Amino acid sequence: MITVITEECNEISQEFYDDAMDSIQICQLECSCGHCGCLAGHGAYTRSIKTALGKIPLVIRRVQCSLCNATHALLPSGIVPYSQVLLTDHAAIASSFEDGRDGREVMDTNPELSPSQVFYILSLYIRFWRQRLLSESLPLSPAHALTKPCIRLFGRQFMQIKNTRNLFFVPPT
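Residues numbered from 1 in each chain as written. Predicted model: local features only at pLDDT ≥ 70, side-chain atom pairs only at ≥ 80, totals over all residues. Heavy atoms only, no water.

1. A few points about the pairing of strand β4 (residues 71–76)
On a regular strand, one side chain projects to one face of the sheet and the next to the other, so that they alternate. With respect to burial, β4 is a largely interior element, 5 of its 6 residues being buried. Pairing of strand β1 (residues 2–4) with β4 involves 3 bridges; the strand directions are parallel. Paired with Val-4 across the two strands is Pro-76, which belongs to β4. With 3 bridges connecting them, strand β3 (residues 54–65) and β4 associate as antiparallel partners. Looking at β4, one finds that Gln-64 is bridged to Thr-71. (Buried < 20%, exposed > 50% of the residue type's maximum accessible area, 1.4 Å probe, protein only. Helix = DSSP H or I, 4+ residues; strand = E, 2+ residues; numbered from the N terminus. Pairing = 2+ DSSP bridges.)

What follows is the structure, encoded as structure tokens:
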């Protein structure tokens, strides 16, 4: 998994994803084996993201290392790996809990979220992420500012559930 740091986006779309991925050169990406310049395109898969506009299907690009054969999905920083819910909604649900609420008001801004999904996200935050953020004094807002420190400190995106190594790439300006 390679998380590409992107600017904050109000609405995720295939066009936004394609523009972000087209703006980087694959030869600049580093593989989990530590080598650069060894990654090449290796297909794609479709993933649905729940947004206020409904479920948005995204075609996610994959790359493969020519040295170790590892494959990596290329994700923009606003997407939480292995989740259909955007990073901003994860952070809003966690912030709601910290403010003494139950997170269900986030469903008003994103009607695609179900009460069971909000409860699940909240339970993951309390069980796995709350103490991590507190121990490093990381604020929940703004949500896009959580990506770099979480990957650097914990090896994964904020609210990423699987313990899969996650690298991040900051495109040069």
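More follows now that the structure is in view.
2. Topic: unusual backbone geometry
The peptide bond linking Ser-141 to Pro-142 adopts the cis configuration, its omega dihedral lying at -5 degrees. Position of Pro-142 relative to the elements: it lies in the loop between α4 (115–135) and α5 (147–154). Positive phi outside glycine occurs at Tyr-82, with the angle close to 65 degrees. Relative to the elements of secondary structure, Tyr-82 occurs in the loop between β4 and α2 (87–98). Positive phi values are uncommon outside glycine, yet Ser-137 reaches one of about 55 degrees. Turning to its location among the elements, Ser-137 is positioned in the loop between α4 and α5.

3. Here's the deal with the packing of aromatic side chains
Applying the stated rule across the entire model yields 4 aromatic pairs. Arranged with centres 6.3 Å apart and planes meeting at 70 degrees, the rings of Phe-97 and Tyr-125 form a pair that is edge-to-face. Of this pair, Phe-97 sits in helix α2 while Tyr-125 sits in helix α4, placing them 28 residues apart in sequence. On the accessibility criterion, Phe-97 (26% relative accessible area) is partly exposed. Using a relative accessible area of 3% as the deciding quantity, one classes Tyr-125 as buried. Seen from their ring centres, Trp-129 and Phe-154 are 5.8 Å apart, and the 80 degrees between their planes marks the pair as edge-to-face. Within this pair, whereas Trp-129 is found in helix α4, its partner Phe-154 is found in helix α5, the two being separated by 25 residues in sequence. Cluster of aromatic residues (ring-pair linked, three or more members): Phe-97, Tyr-125, Trp-129, Phe-154 and Phe-158. The ring centre of Trp-129 lies 5.1 Å from the NZ or CZ of Arg-132, which sits over that ring. (Phe/Tyr/Trp six-rings, centres within 6.5 Å; stacked < 30°, edge-to-face > 60°. Lys NZ or Arg CZ within 6 Å of the ring centre and 35° of its normal.)

4. Remarks on the sheet that holds β1
The 5 strands are arranged β2-β3-β4-β1-β5 in an open sheet whose pairing can be described as mixed. At either end of the open sheet lies a strand with only one pairing partner, and these are β2 (39–51) and β5 (167–169). For this sheet the average axis-to-axis angle between neighbouring strands, irrespective of direction, equals 30 degrees. (Axes fitted to C-alpha atoms, helices over the stretch in contact; angles between N-to-C directions.)

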